[in-house]
Amino acid sequence: MTDAAGLRALHARLLGERDLQFDYTAVAAPHRGDGPEWLKALARIIGHAVVAVLPVLEVLFWIGVAALVLLVALLIAREAFGVRILARRKAAPPRAAPADWRPEAWKARALLQDADRLAAEGDFARAARLILHRGIEDIEARRPRLIRPALTARDIAGLEGIPEGAREPFTLIAQAVEASLFGSRPLAAADFVRCRQAYHTFAFPEAWT
């Protein structure tokens, strides 16, 4: 093992070697230069352009910010306004149109012709029943599933689904037919005329104006 004195001797001998360089401060840094003139000119042009455009870019930036804020405000307002309109529509449902219980005019006329033929033969009870049955068919056509099989003509006349304009003439027809069937009272020509007029009120548009 080399002692301390030997290490110092080796260090001194190393420093005495002239072909080794230990001081690097004397070496000059390489000269890089400022670059070609065209590159410096281009850099100056770009710098001037940036300085000239910077105010315009700042104005455009704030215009964009204002447009964005306005857009957000419009979206919020439209959403709030749309919610109010939707709530208003839900709160006020459309009013249902009144039911039109009148059958087609040609069917009503054909029915009355058949009833008139029976009445001309003197069968006023059958003619009145024909009018009553056709009135029930008209109601079933306007309100399916309203009439149940077990209901009588009087029960049908009292149903809530029948409008008042149709209830009164239908009731008159039903009472006349029931009086004939269950009261053993024969119908006269005057009874048939009242049933015929009642169905006319029930069926034809001019009687509803």
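Scroll up to find the structure.
Residues numbered from 1 in each chain as written. Predicted model: local features only at pLDDT ≥ 70, side-chain atom pairs only at ≥ 80, totals over all residues. Heavy atoms only, no water.

S.K.: Is there a simple way to explain the side chain of Asp 191 in this structure?
M.R.: With respect to the helices and strands, the residue Asp 191 is situated in helix H7 (residues 189-203). Relative accessible area serves as the criterion here: at 9%, Asp 191 is assigned to the buried category. Sequence-distant contacts of Asp 191, defined by excluding residues within four places in its chain, comprise Arg 185 and Pro 186. (Helix = DSSP H or I, 4+ residues; strand = E, 2+ residues; numbered from the N terminus. Buried < 20%, exposed > 50% of the residue type's maximum accessible area, 1.4 Å probe, protein only. Contact = heavy atoms within 4.5 Å.)

S.K.: Explain the packing of helix H4 (residues 124-142) against helix H6 (residues 164-181) here, please?
M.R.: When two helices pack together, their arrangement is given by the angle between the helix axes and by the axis-to-axis distance. The N-to-C vectors of H4 and H6 enclose an angle of 135 degrees; their axes lie 9 Å apart at closest approach. As judged from the angle between their axes, H4 and H6 are oblique. For the pair H4 and H6, the crossing hand works out as left-handed. Within the contact between the two elements, H4 uses Ala 125, Ala 128, Arg 129, Ile 131, Leu 132, Gly 135, Ile 136 and Ile 139 and H6 uses Phe 170, Ile 173, Ala 174, Val 177, Ser 180 and Leu 181. Residue composition of the contact of H4 with H6, grouped by class: eleven nonpolar, two polar and one charged. (Axes fitted to C-alpha atoms, helices over the stretch in contact; angles between N-to-C directions. Parallel < 35°, antiparallel > 145°, perpendicular 65-115°, else oblique. Left-handed = near helix turned anticlockwise from the far one by under 90°. Nonpolar A, V, L, I, M, F, W, Y, C, P; charged D, E, K, R; others polar.)

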